[in-house]
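Architecture at a glance
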Amino acid sequence: MRFGVLGAVRAWRADGGEVSLGGPARRALLAALLLSPGRAVGAERLIDEVYGERPPKDAHHALQSQVSRLRRDGIAVERVAAGYVLNVDPDDVDVHRFLRLAEQGREALGSGDPDRAAGLLREALGWWASPAPAVHLEERHLAALEDLAESDLRRGDHRAALAALGELVESHPLRERPRAQLMRALHAAGRPAEALVVYERTRRLLADELGADPSPELSAIHRELLRGEDPPAPPEALPLTSFVGREQDAARVRALLARARLVTLLGPGGVGKTRLAAEVVRGRTDRQVVELAAVRDGGQLPQVMMAALGVRDSGLHPPGDRGEPADPAVRLVAALSGRELLLVLDNCEQIIDDVAALAERLLTTCPGLRVLATSREPLGLTAEHLWPVRPLPPADAVKLFNDRARAVRPDFPAQAAVESICLALDGLPLAIELAAARMRTHEAAELAGRLESERFPLLSRGSRTAEARHRTLRAVVAWSWELLSADERAMAARLTVFAGGASAAAAARVSGLPDAEALLDSLADKSFVEVSGGRYRMLATIRAFCAEKLDAPHAVRQAHAAYYLALALEADPHLRRGEQLRWLDALAAEHGNLREALRFAVESGAVELGMRLIGAQAHYLWMRGIRTTAMAEAAALLAAAGPRPDPALGDGYALCALIAGEERYLRRASALIDREHHHPLLTFLWPLMTANGGDPELVLRVLRRAESGGDPWARAMARIIRAFPSMAAGEYAAAHADLTASLEGFQELGDRWGSALALDSLGWLGANTGDRAAALAHTSRALELAELLGADEDHADLLCNRGDLRQRDDPAAARADYELAAEVARRSGIPTYLAAALRGLGDLARMAGDLPAARELYQQALARSDAGWIKSSGNHTRVLVGVGRMAEAEGDQAAATEAYRQAVEVAVATGAVPESARAVEALAGLAEPAEAARLLGAAVALRGCAVPGDEDRLAAEARARAALGEREFAAAHRAGAELSRQAALTLAGVSPEAIRASPLGVIAAMTGEPPVRHR
């Protein structure tokens, strides 16, 4: 797809058709996502962008609704831990194509190629449309217009330059660059007198509007014109290395400097503050850089600045002689008071108080002065504007690595391991450059594997000409560490036990330090931690350094685990009530810390602590579809508990066994679960995970206790579980009653997850009984709830279900559902639902007549199917039916028959008997007319009701009717429909032994009726 953000927000499909985006809220959401393509945008920021100062009451739900509508429009917005992300090629978005071309044009201009620059800039400006969605883009547009005028001027196209510059000067009278260009253009066109008039008008305008004099560049051009000489072109100092990933930062800092007199580039060591500052001031003749890294005595600051500025200290006379001031600061003020100057103070952190005092004095007394500072902490002045310099985003980090690697190894190829390296190095430019320099003697994959344990030794060789503090990664962090107080160092070291950041309350409790919040803020000011959304985070490189300094790590990690156990225990009951979204988000924000606490329990052999941690977060893990993240720890704790677990472990052991999913542990848990009271989640998980091969009597006791107990959530869940065997047995009225009651119970509690489960089952019920409209409505509502909850597993499953419902009537919408399901399943590592999505796409390909594509998709689906899972059995059956349809279309009836029979057997073996009806109908299409009629009737017996058939079934019916006649067909069909389920399955080729070995026995125990009933 292509997108437009400049001007109106628009989107176009690949075929050129425009997407109808609806109202302003959806367009604002899309614009906010498109401004950061491929990068996560937080929900709070999106709410601000979409709703401004008046967000709706349930802003997160409203935002999710807008996201869902974008997805229905075919715009694949993903939900990730950090917010939402839209993965599009920046070149498919007009604003990013404009920025790329404009920057390439500027680079070509700086490298002395005005012809290429003009072409690139004209192409860039061809993408521009007003209004722009952000102020910095308007500034970049003006800069591009000025760059194009400069390229025309250097190419000798004075007419084009004069026309463009006349418009720029008129529309932006206070911008000095186009006025300087206009003066040069007039002189080059043989009109020097008019150039002098421009200068005089500019001087008066600046004096009247700003109380300022023209810039040094304008004054220099004026002097040359008065002398009758050619005015100088603006100098372009080309850096020794390319500038990667900071183009927008540089443009926005330039814009900020145009209106602010003190700007500080703030960030940790190695993040690229100095390089960004150099780019910001490149080409300015009014700049002066003062390097302060070597200055450790703040009292020497005025002398250092005077030396950099070329101000003589005392000349031939001693201080005080002939009335000269002895104070260097006074001399500095006198030297600067009449000048227009941009003063760059680089590396201020080690003498921050002295820099702040002198900067304030100079700015107060020197009206023509502007200051651009770089520092690891703010100067702390009222007039200061901070510009945080962040680590490079992944794409730019990889680009920088490859650029520097090819400088030492010209044949260095693009490699997947580079992205892992850049991620491990936090996107810090200095660390990336140090790592890239190792590519002369190392391979990227090897370096990536060693960084976790050998980060500092590996990155110990930098440029010989760099300062000592920038030659190794350890030196970069050590420089900042030495500037911390003892309490700040203690807090920094103890923060390393957190994974994914910490709230102020968590850091205070775990660190045990007084004034913890003040210490955190101080570390943030000094760029040792980042703070966002009330959470304090460390870059991995800083964290690795500080972890080496941690005293008594076991005690601190123990305090950390205790804190997060308490949090999970507090959250657990709220996950089954209306406040579940807030608590889900709270646990998701702490997912890394919960994992870290669990790892500590396993490593230290604290079995009870570990099982309590797993039990407290089991509901969260299952709702979010991320139980696999704790499976390894669960198995380790179960192994450590031994073959005869302590009964006191109770629910913790049982939930641990369910998370691990291993049969031996489930058997051991049976004795612990058969108690009067247990965790409500066991009402759902125990029947689900022990349906095949478990003790049906124990399942029944769990359900009975839930139904008679005092927990309304467990009662509602028990009704859902009761409905499953009813659905499998074809008792749809009873199933509908249970599911409806369950849905009402969950809705009363406000539990969206339980409601989604009930709606999903009602959707299946509607599809299986022929009520497609109800099925689609229930499934779509369940899908909205799953998206709202961020439940990836349920999200992918429901998308496939909805795709199945849309296959015949709206194949394009079905394709969109399957493709999004495949994307979610791949991202979350869920092979079952990836198989379901591939199967759905295979169905669509077969229906469209693309048999080779269908065969390939079915084979991929078969390779990923897992027939052992109840929810996947229907999909596995449908895959096999699809394979059979393929064989049938290719004339291989034997292979088709085998596939259909396998499909019936899979459905029976997993207890999903109604799903077998589809395969039995397919078998009817290959049978002789009389048998075909009986098989079609048997499908009704297996499904439990007659429903409108699909095209394949209708074709089989038509052939049998034509061959038999209506009366004989009806009699044979009725005979099949009146068969017992066992007889119907036997007619389809399933042996009685296979039926007895199937979960029908479990169904019988749960329903209290025999597994095979005659109708």
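Report follows, based on the coordinates.

Digging into the overall build of the chain
The secondary structure content of the chain amounts to 50 helices and 12 strands. The buried share of the chain, taken over its 1015 residues, is 53%. Counted over contacts in the chain with a minimum sequence separation of 6, partners at least 24 positions apart contribute 67%. For the chain, the exposed area adds up to about 43000 Å²; of that, 51% sits on carbon and sulfur atoms.

Concerning the pattern of salt bridges
Throughout the structure, instances matching the rule amount to 53 salt bridges. Between D91 and R100 there is a salt bridge whose closest N-O contact spans 2.9 Å. Looking at D91, the relative accessible area reads 23%, which means it is partly exposed. For R100, a relative accessible area of 32% corresponds to the partly exposed category. For E150, the salt bridge is made with R154, and the minimal N-O distance between the two is 2.9 Å.

Concerning the packing of aromatic side chains
In this structure the tally under the stated criterion is nine aromatic pairs. Between W481 and F545, the ring centres sit 5.8 Å apart and the planes meet at 65 degrees, which makes this aromatic pair edge-to-face. Of the two residues, W481 sits in helix α20 (residues 473–481) while F545 sits in helix α24 (residues 540–547), which places them 64 residues apart along the sequence. Overall, F545 belongs to the buried group, its relative accessible area being 3%. The structure contains a cluster of three or more aromatic residues connected by ring pairs, namely W481, F528 and F545. Of note, R576 hangs over the ring of W713, and the distance from its end group to the ring centre comes to 5.9 Å.

Quick look at the sheet that holds strand β7 (residues 341–346)
The strands making up a sheet are joined through hydrogen bonds of the backbone, oriented either antiparallel or parallel. The five strands are arranged β6-β7-β8-β5-β9 in an open sheet whose pairing can be described as parallel. Each having just a single partner strand, β6 (287–291) and β9 (384–388) make up the two edges of the open sheet. For this sheet, the mean inter-axis angle between neighbouring strands, taken without regard to orientation, is 20 degrees. Looking at chain direction, β6 and β7 are connected through five bridges and run parallel. Residue pairing across strands places Q288 opposite L343, the latter belonging to β7. Its contacts with the sheet place helix α15 (residues 352–365) against β5 (262–266), β7 and β8 (369–375), and it is angled at close to 165 degrees to β8.

Section: helix α18 (residues 429–437)
Counting buried positions along α18 gives seven out of nine residues, so the element sits mostly inside the fold. Taken together, the buried positions of α18 are occupied by P429, L430, A431, I432, L434, A435 and A436.

Digging into the pairing of β8
Judged by how many residues are buried, β8 sits mostly within the fold: six of seven residues are covered. Pairing analysis gives five bridges linking β5 to β8, with the strands arranged parallel. Across the sheet, the residue bridging to T264 is A373, located in β8. Here six bridges tie β7 to β8, and the two strands are oriented parallel to one another. Bridge assignment links D346 to a residue of β8, and that residue is T374.

With respect to the sheet that holds strand β12 (residues 535–537)
The strand order across the open sheet formed by three strands is β10-β12-β11, and the pairing between neighbours is antiparallel. Across the chains shown, the open sheet's two edge strands, defined by having one partner strand only, are β10 (502–503) and β11 (530–532).

Notes on empty space enclosed by the protein
In this structure the tally under the stated criterion is four cavities of 30 Å³ or more. Of the volumes computed, that of the largest cavity is approximately 80 Å³. Lining the largest cavity we find 13 residues, and of these P268, G269, V476, V477 and I542 sit closest to its centre. Elements with a minimum of two residues in the lining of the largest cavity: α20 and α24.

Reading the values: rules and limits
- Residues numbered from 1 in each chain as written.
- Predicted model: local features only at pLDDT ≥ 70, side-chain atom pairs only at ≥ 80, totals over all residues.
- Heavy atoms only, no water.
- Helix = DSSP H or I, 4+ residues; strand = E, 2+ residues; numbered from the N terminus.
- Buried < 20%, exposed > 50% of the residue type's maximum accessible area, 1.4 Å probe, protein only.
- Contact = heavy atoms within 4.5 Å.
- Areas by Shrake-Rupley, 256 points an atom, 1.4 Å probe, with all protein chains shown as cover.
- Salt bridge = Lys/Arg side-chain N within 4 Å of Asp/Glu carboxyl O.
- Phe/Tyr/Trp six-rings, centres within 6.5 Å; stacked < 30°, edge-to-face > 60°.
- Lys NZ or Arg CZ within 6 Å of the ring centre and 35° of its normal.
- Pairing = 2+ DSSP bridges.
- Axes fitted to C-alpha atoms, helices over the stretch in contact; angles between N-to-C directions.
- 1 Å grid on protein atoms, 1.4 Å probe; cavity = no way out; pocket = protein on both sides within 12 Å on 5 of 7 lines; lining within 4 Å.
- Points joined across faces, edges and corners; volume = space filled by probe spheres on them.

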